[in-house]
Amino acid sequence: MFFRSTLTQISFLLRRKGALAAFYILLFMVLSNFIGNVLAFQGLDVIQMYHPMKILLLSYNRINYNADMTILLTQLFPILVTCPAGFALAKEYQLGTDIMIVSRLGQRRYRMSKLLAAFVTTFVVFTVPFMLEIFLNCISFPLNAAGDLTNWGYYDSAYRTAVGNYYMWRLFVRAPYLYAVAGTLLFGFAAGIFGAFTMALSSLIKIKYNVFLFLPVFALLNLSVILSVGNPANMVSLRWDENLLLFSEVPKNGWILATVLFVMAASSVGMVWKSGGKDCL
C-alpha cells in the first residue's frame, strides 16, 4: 500500500502545473544552449572542437567561454527546485484532499510516502532535460573531441590541477561521458533533497501563504554563496553551484556536500515523522 500510494503520488505530482512548468523551463534552457552550441561550433575541425560534455548547460567549464545560460540556470534554480513538489502537501491541506488517503494509510505513512514522492518527482524534473542534452551532444558533436574551454593543454600544470578538483576526477579521466551522466544524477539527487525538504517543512510549520515556501531553500543556497565570499582561491568552496555543476575546477570537499545533503534529508524525514505523530494525537 505504501509503495503503491507513493507511485500514485509521483504520477500525480509529475502532472501538476508546478512540475510541468519547471520541466519545460529547464527543457527550453537546455534546447537553447544546444542550438547555440550547434550554431557556434558548426564546421569546426575536430582538433579545434571542445569536448561535447564540457559545453553542456550544467558545465562549470562554460565560464571560460559563454556562461550566460548557465548563470541564468543558477539564478533560477533556488526557485525552480521548489516548484515540482514543494507546495504539494500545503495545497492538499488547504483543499482538504488528503483526508481520504490519510484515513486508509495513516498520517505518518501518508506523509512519508508524500516525502518520497516529492524527492522522486523533483529528481526526475531536474534530471531528464539534462540527460537529453547529453544524448543530443553525443549525436551532434564528434565524440573524440577533447578540447577544454580554458584552452589549456593536457600537459599544462594548470589543467591537471583543475581536473584534480573535479568530483570523481578519476572517473572523468577514464570515462568522461560516464562522468557527465554521474554528475547529472548527482545534480538531480541534490535537487530532489531540496524539493523534499521544502515539502517536509510545510508539514511541520503551517504557512498561510505558499509563496513563503520559496524562502527556506532560497536562503540556504544563497547562504552558501555568502559564506564563500572573500575565500582565498586555495580554500574549499562552499557555493552550491561550484559544488554541483559539472567540471567545476574550484577546490572543494565532497564530505561537506555529502554532510549537508545528509543533514537535509535526515531533517526532512524527522520533520515529517514528528508532524505525522503530532496530528495523530
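For the structure itself, look to the data block above.
Model, not experiment: these values are computed from the prediction.

Trainee: Give me helix H1 (residues 2-14): which residues, what numbers.
Mentor: When the terminal C-alpha atoms of H1 are compared, their 18 Å separation across 13 residues agrees well with the 18 Å that a helix rising 1.5 Å per residue should span. Burial in H1 covers these residues: Ser 5, Thr 6, Gln 9, Ile 10 and Leu 13. Looking down the long axis of H1, one finds its buried residues gathered within 140° of arc, a one-sided arrangement. Along H1, the residues that are exposed and aim more than 90 degrees away from the buried face are Arg 4, Leu 7 and Thr 8.

Trainee: Any chance you could break down the layout of surface pockets for me, citing the residues and the numbers?
Mentor: Vacant regions in the atomic arrangement are exposed by a probe of water-molecule size rolled over the atoms. Of the pockets and cavities examined, the largest pocket occupies roughly 370 Å³. Along the wall of the largest pocket there are 18 residues; nearest its centre are Leu 220, Ser 224, Leu 238, Trp 240 and Val 260. Only helix H11 (215-228), helix H12 (240-244) and helix H13 (254-280) provide two or more residues apiece to the lining of the largest pocket. Taken together, the residues of the lining of the largest pocket sort by class into 13 nonpolar, 4 polar and 1 charged.

Trainee: Provide a residue-level description of the packing of helix H2 (residues 17-41) against helix H3 (residues 68-80), including the pertinent values.
Mentor: As a packed pair, H2 and H3 sit with axes 11 Å apart at the nearest point and diverge in direction by 175°. With respect to each other, H2 and H3 are oriented roughly antiparallel. Contact residues: Ala 22, Ile 25, Leu 26, Met 29, Ser 32 and Asn 33 in H2; Met 69, Leu 72, Leu 73, Leu 76 and Leu 80 in H3.

Trainee: Give me the nonpolar core: which residues, what numbers.
Mentor: Counting 57 residues, the largest nonpolar core has Phe 77, Phe 126, Phe 130, Phe 187 and Phe 194 as its most contacted members. Beyond its immediate sequence surroundings of up to four residues, Phe 194 is in contact with Phe 77, Val 81, Val 217, Leu 221, Leu 244, Leu 261 and Met 264. Counting 9 residues, the second-largest nonpolar core is a separate cluster that includes Phe 34, Phe 41, Ile 55 and Leu 136.

Calculation criteria
Residues numbered from 1 in each chain as written. Predicted model: local features only at pLDDT ≥ 70, side-chain atom pairs only at ≥ 80, totals over all residues. Heavy atoms only, no water. Helix = DSSP H or I, 4+ residues; strand = E, 2+ residues; numbered from the N terminus. Expected span 1.5 Å × (residues − 1). Buried < 20%, exposed > 50% of the residue type's maximum accessible area, 1.4 Å probe, protein only. Arc of directions from axis to C-beta. 1 Å grid on protein atoms, 1.4 Å probe; cavity = no way out; pocket = protein on both sides within 12 Å on 5 of 7 lines; lining within 4 Å. Points joined across faces, edges and corners; volume = space filled by probe spheres on them. Nonpolar A, V, L, I, M, F, W, Y, C, P; charged D, E, K, R; others polar. Axes fitted to C-alpha atoms, helices over the stretch in contact; angles between N-to-C directions. Parallel < 35°, antiparallel > 145°, perpendicular 65-115°, else oblique. Contact = heavy atoms within 4.5 Å. Core = buried A, V, L, I, M, F, W, Y, C linked by side-chain atoms within 4.5 Å.

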